[in-house]
Amino acid sequence: MYFQVTRGVAKRDHAFPKHAEPTVFIMSNPLVPPPSAQVESGAAAITAHDNRWLRCDIKSISLIGNVLLRQLSAEADAVETILFRDGKLTEASASNVFIVKGGVIQSPPKNELILPGITYDVIVELARAHALPLEFREITQAEVRGADELWVSSSSKEVLAIVQLDGRPVGDARPGPVFRRMYRLYQDFKQQVMRAGRRERVSA
Ligand SMILES: Cc1ncc(COP(=O)(O)O)c(C=O)c1O
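As a convention, each chain's residues are numbered from 1 in the sequence order in which they are written. In view of the model being predicted, local features appear only for residues whose pLDDT reaches at least 70, and side-chain atom pairs are presented and counted only at 80 or more, with totals across whole chains, interfaces and linings using the full set of residues. Note that the side-chain values use all heavy atoms of the structure and ignore hydrogens as well as water.

Asker: So what exactly am I meant to see when it comes to the pattern of salt bridges here?
Answerer: When the charged atoms of two side chains with opposite charge come close together, those side chains can pair. The salt bridge criterion pairs a side-chain nitrogen of Lys or Arg with a carboxyl oxygen of Asp or Glu, the two atoms within 4 Å. The final tally for this structure, using the stated rule, is 15 salt bridges. Of the charged contacts in the structure, one is a salt bridge between Glu 143 and Arg 137, with a shortest N-O distance of 2.6 Å. The partly exposed category is assigned to Arg 137, whose relative accessible area is 24%. Here Asp 166 and Arg 145 are joined by a salt bridge, their closest N and O atoms 2.9 Å apart. Placement of the pair is Asp 166 in the loop between strand S10 (158-165) and strand S11 (168-169) and Arg 145 in helix H4 (residues 141-145), with a sequence separation of 21 residues. It is possible to trace a salt-bridge network through shared partners that takes in Asp 50, Arg 52, Arg 85 and Glu 91. Working definition: with a 1.4 Å probe on protein chains only, accessible area under 20% of the residue-type maximum means buried, over 50% means exposed, and in between means partly exposed. Only DSSP runs of H or I with at least four residues qualify as helices, and only runs of E with at least two residues qualify as strands; both kinds are numbered from the N terminus onward.

Structure (structure tokens):
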């Protein structure tokens, strides 16, 4: 389900109209997960400078920055554009990013520079519930390139291993063991939620 809420019908002006009724638009599409061949072998991504504004935590329909950044990877036959601001990992054009180093899952902390994705939260919840080491910290470009594993996460990509970055292999160029564990946990969780018809926390 995709919800878009706009300010409503009013004379064109940047300032918020005082008496407009918000327009609520909802569209639904079947959620198509990535093909199993891609999950099995992993995907390619490229990198770019994160040139978006400084309130990337706001989920907005003004997506021009993300759209232009995503187009870079589309034209390079890659699934995502992974972004760095001042040499630090932020997220990707339409997903959050995790690395694994020495068995520890790592991701940038939630702040105004990233969208706090629902899938990011699910991954964090699953890692905690299953005692997988997890750390939130600033991650440099060199750490991303030298990671054992690199993942992107979003509602449509679920959790997907990136095995090639800017044409170079990540780790041993195959989805790694921590990815495979998290992917399984995510699929089991999804089945449970779908069967129960409601969202229950997996940890306190
Ligand atoms: C910029 C950005 N970051 C992260 C995400 C992941 O969010 P979610 O896991 O809620 O799909 C999205 C999804 O659209 C996104 O556009």
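Okay, back to it.
Asker: Can you walk me through the site of the ligand in this structure?
Answerer: Taken together, 16 residues lie near the ligand, and Lys 59, Glu 91, Ile 118, Thr 119 and Ser 155 sit nearest. Any pair of N or O atoms that falls within 3.5 Å is considered a polar contact. Within protein, one atom must be able to donate a hydrogen and the other to accept it, and sequence-neighbouring residues count only if both atoms are side-chain atoms. Measuring from a nitrogen atom of the ligand, one finds a side-chain N or O atom of Glu 91 at 2.7 Å. At 2.7 Å, a side-chain N or O of Ser 155 approaches an oxygen atom of the ligand. If you list the elements that add at least two residues to the shell around the ligand, you get strand S5 (88-92), helix H3 (118-129) and strand S9 (149-154). Residues are grouped as follows: nonpolar covers Ala, Val, Leu, Ile, Met, Phe, Trp, Tyr, Cys and Pro; charged covers Asp, Glu, Lys and Arg; every other residue, Gly included, is treated as polar. Counted by class, the shell around the ligand contains 4 nonpolar, 9 polar and 3 charged residues. What makes a residue near a molecule or strand is one non-hydrogen atom of that residue sitting within 4 Å of it.

Asker: Got a minute to help me understand the side chain of Thr 47 in this structure?
Answerer: Tracing the sequence through the fold places Thr 47 in strand S3 (residues 43-49). Within polar-contact distance, the side chain of Thr 47 engages the side chain of Asp 166 at 2.7 Å. What makes two residues a contact is simply this: any of their non-hydrogen atoms within 4.5 Å. Once you skip the residues sitting within four places of it in the chain, Thr 47 turns out to touch Thr 81, Ile 82, Phe 84, Arg 145, Leu 165 and Asp 166.

Asker: I'm lost on the side chain of Ser 93 in this one. Help?
Answerer: Structurally, Ser 93 can be placed in the loop between S5 and strand S6 (96-101). Judged by relative accessible area, Ser 93 falls into the buried class, the value being 4%. Separated by 2.6 Å, the side chains of Ser 93 and Glu 80 make a polar contact. When residues no more than four places from it in sequence are discounted, the contact partners of Ser 93 are Asn 66, Leu 69, Arg 70, Glu 80, Thr 81 and Leu 83.

Asker: Looking at this model, I keep getting lost on unusual backbone geometry. Mind explaining?
Answerer: Trans peptide bonds make up the majority, and among non-glycine residues the majority have a negative phi. The backbone of Asp 77 shows a phi angle near 60°, a positive value even though the residue is not glycine. Tracing the backbone through its elements, the reader meets Asp 77 in the loop between helix H2 (64-75) and strand S4 (80-85). Accessibility expressed as a relative area gives 73% for Asp 77, which makes it exposed. Its identity as a non-glycine residue notwithstanding, Glu 158 has a phi of 55°, on the positive side. Structurally, Glu 158 can be placed in strand S10. On the basis of relative accessible area, Glu 158 is assigned to the buried category, the value being 4%.

Asker: What am I meant to see in a nonpolar patch on the surface here?
Answerer: A surface patch of nonpolar side chains, about 550 Å² in accessible area, is lined by Met 1, Phe 3, Val 5, Val 24 and Ile 26. Those elements that place two or more of their residues in the nonpolar patch are strand S1 (2-6) and strand S2 (23-27). Tracing the chain through its elements places Ile 26 in strand S2. Classification of Ile 26 by relative accessible area gives partly exposed; the value is 43%. Every patch collects residues that have over 30% relative accessible area and no salt bridge, joining them within 9 Å if they carry like charges and within 5 Å if they are nonpolar side chains (Val, Leu, Ile, Met, Phe, Trp, Tyr). Where accessible areas are quoted, they stem from the Shrake-Rupley method and a 1.4 Å probe; at the residue level, only the protein chains shown are allowed to cover.

Asker: Would you explain the packing of aromatic side chains in this entry?
Answerer: Describing an aromatic ring pair means giving the distance of the ring centres and the angle of the ring planes. Stacked, tilted and edge-to-face are the three classes assigned to paired rings of Phe, Tyr and Trp, where Trp is represented by its six-membered ring and a pair needs centres within 6.5 Å; plane angles under 30 degrees give stacked, over 60 edge-to-face, the rest tilted. Summed over all chains, the structure comprises 5 aromatic pairs. An aromatic cluster is present here, built from Phe 98, Tyr 120, Phe 136, Trp 151, Phe 179 and Tyr 183 joined pairwise through their rings.

Asker: Sorry, what's going on with the nonpolar core here?
Answerer: As a rule of thumb, soluble globular proteins bury nonpolar side chains together. We define the nonpolar core as a collection of buried residues of types Ala, Val, Leu, Ile, Met, Phe, Trp, Tyr and Cys that are connected through side-chain atoms lying within 4.5 Å of one another. The biggest cluster of nonpolar side chains holds 23 residues, and the ones touching the most others in it are Ile 105, Leu 126, Trp 151, Val 159, Phe 179 and Met 182. If you list the elements that add at least two residues to this core, you get S6, H3, S10 and helix H5 (177-196). When residues of this core are assigned to their parent elements, the largest contribution, 7 residues, is made by H5. By size, the runner-up hydrophobic cluster in this structure holds 18 residues, among which are Ala 45, Val 79, Val 144 and Leu 150.

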